[in-house]
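The lines below spell out each chain.
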Amino acid sequence: MRRTDYEGRILGSVLKKPDQLPLVKSILGIPDFGEGHYQSIFSKLLTIYGVNGTVDVILLADSCPELEFAPTLADLILFPSVSNEMIEIYCREVKNRTRLGRLTLLAEEIKIDTKSVDSNADKVIRNAHTRLMTIAQDNAFSRPSKFEVLEEMRKDTELFAGKKLWGVPTTWPTVDSITKGLQRQQLWIVGAYTSIGKSWFCLHLARRFLLSQANVLYLSTEMSEKRLMWRLATIITNIPEQ
């Protein structure tokens, strides 16, 4: 299926089910609709919906007096309405292809920049990084769909019902039996009185991640980097800190 088919299906469904427009708007922007006609129609839909709280095909046609819009609107009306879940899938695919196109364009621009007479590697890297971060931040499509969330919940239920770990073990049996190990997309908050062992606990967890070939970022507002490295060394070598 071509990209324009996704866009047409999205707009065609919205014309029949205007309540889907906020969902589409939360994922896609006007530039994501690659063809000029689709961009104009989506822009008009947003305007009409913002004023009237709904979408009317007649108002849309009146707001697009250009003759070339007539065949496009007729084609869109032929598209069937689909569920919100399917609309989200279509939107995610359009957003993905938009970002891939922007990455391709960025690669071409970097190639041109590196061949410039006065090109400077650091400057090219900084400019590329800024543009790359802009593309990375446009990541509404990457949010998991409802289907994906429900599937993950189903898997979690099955795993919790079993006895096996499926995350990174902490080496503490009691903790592992409750949590099933350290999981992706989880936030653990460790609280205790002063000098009870919070830092040691977190460093032990950091070691477990390092052993599982994961990246670790450890931030401390109390201990220096040298002090932390000494503590980590004592944990790894099992030599008590003096």
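The preceding data block contains the structure.
Rules used throughout
- Residues numbered from 1 in each chain as written.
- Predicted model: local features only at pLDDT ≥ 70, side-chain atom pairs only at ≥ 80, totals over all residues.
- Heavy atoms only, no water.
- Helix = DSSP H or I, 4+ residues; strand = E, 2+ residues; numbered from the N terminus.
- Contact = heavy atoms within 4.5 Å.
- Areas by Shrake-Rupley, 256 points an atom, 1.4 Å probe, with all protein chains shown as cover.
- Expected span 1.5 Å × (residues − 1).
- Buried < 20%, exposed > 50% of the residue type's maximum accessible area, 1.4 Å probe, protein only.
- Core = buried A, V, L, I, M, F, W, Y, C linked by side-chain atoms within 4.5 Å.
- Polar contact = N/O pair within 3.5 Å; in protein donor to acceptor, adjacent residues only side chain to side chain.
- Phe/Tyr/Trp six-rings, centres within 6.5 Å; stacked < 30°, edge-to-face > 60°.
- Axes fitted to C-alpha atoms, helices over the stretch in contact; angles between N-to-C directions.
- Parallel < 35°, antiparallel > 145°, perpendicular 65-115°, else oblique.
- Nonpolar A, V, L, I, M, F, W, Y, C, P; charged D, E, K, R; others polar.

S.K.: Whenever I open this one, the overall build of the protein confuses me. Can you help?
M.R.: When its secondary structure is counted, the protein shows 11 helices and zero strands. Secondary structure elements of the protein occur, N-terminal to C-terminal, as α-α-α-α-α-α-α-α-α-α-α. Within the protein, counting contacts between residues at least 6 apart in sequence, those at least 24 apart form 61% of the total. Of the roughly 16,300 Å² that the protein leaves accessible, carbon and sulfur atoms contribute 58%.

S.K.: What am I meant to see in helix α10 (residues 198-211) here?
M.R.: Compared with an ideal rise of 1.5 Å per residue, which puts 14 residues at 20 Å, α10 spans 20 Å between its outermost C-alpha atoms and is within 8% of the ideal. If you check which residues of α10 are buried, you get F201, L203, L205, A206 and R208. Of the surrounding secondary structure, the elements contacted by the buried residues of α10 are α11 (225-237). Immediately downstream of α10, the backbone of Q213 shows phi near 65 degrees, a positive value.

S.K.: Sorry, what's going on with the nonpolar core here?
M.R.: Side chains that are nonpolar tend, in soluble globular proteins, to be buried together. The biggest cluster of nonpolar side chains holds 25 residues, and the ones touching the most others in it are I10, L11, V24, L28, F33, L45 and L76. Elements with a contribution of two residues or more to this core: α1 (3-16), α2 (21-27), α3 (36-52), α5 (69-78) and α6 (84-114).

S.K.: Whenever I open this one, unusual backbone geometry confuses me. Can you help?
M.R.: Glycine aside, residues mostly have negative phi angles, and peptide bonds mostly take the trans form. The backbone phi angle of S195 is positive, close to 65 degrees, even though this residue is not glycine. The topology assignment puts S195 in the loop between α9 (173-179) and α10. Taking the relative accessible area as the measure of exposure, S195 reaches 72% and is therefore exposed.

S.K.: Would you mind showing me how to read the environment of I30 here?
M.R.: When you line up the elements, I30 lands in the loop between α2 and α3. Distance from I30 to S43, taken between C-alpha atoms, is 6.4 Å for residues 13 residues apart in sequence. Apart from the residues within four sequence positions on either side, I30 is in contact with Q39, F42, S43 and L46.

S.K.: Help me understand helix α7 (residues 121-137) in this model?
M.R.: Residues separated by three or four positions in an α-helix point in the same direction, a consequence of the helix having 3.6 residues per turn. In this model α7 runs 24 Å from its N-terminal to its C-terminal C-alpha over 17 residues, within 8% of the 24 Å that 1.5 Å per residue would give. Buried residues belonging to α7 abut α6. Backbone nitrogen of D122 and a side-chain oxygen of the N-cap are separated by 3.0 Å at the start of α7; the cap is N120.

S.K.: Would you explain the packing of aromatic side chains in this entry?
M.R.: Each aromatic ring pair is characterised by the separation of its centres together with the angle its planes make. Scanning the entire structure with this criterion turns up three aromatic pairs. Consider the rings of W172 and F201, whose centres lie 4.8 Å apart with planes at 20 degrees: the pair is stacked. Taken as a pair, W172 in the loop between α8 (146-161) and α9 and F201 in helix α10 lie far apart in primary sequence, 29 residues in all. By relative accessible area, W172 is classed as partly exposed at 27%. Classification of F201 as buried rests on a relative accessible area of 18%.

S.K.: Teacher, can you tell me more about the packing of α6 against α7 here?
M.R.: In a pair of packed helices, the angle between the axes and the distance between the axes together describe the arrangement. One way to put it is that α6 packs onto α7 with a least axis distance of 11 Å and a crossing angle of 175 degrees. In terms of axis orientation, α6 runs roughly antiparallel to α7. On the side of α6, the interface is formed by R99, R102, L103, L106, E109, I110, D113 and T114, while α7 contributes V124, A128, R131, L132, T134, I135 and A136. For the contact of α6 with α7, the class distribution of residues is eight nonpolar, two polar and five charged.

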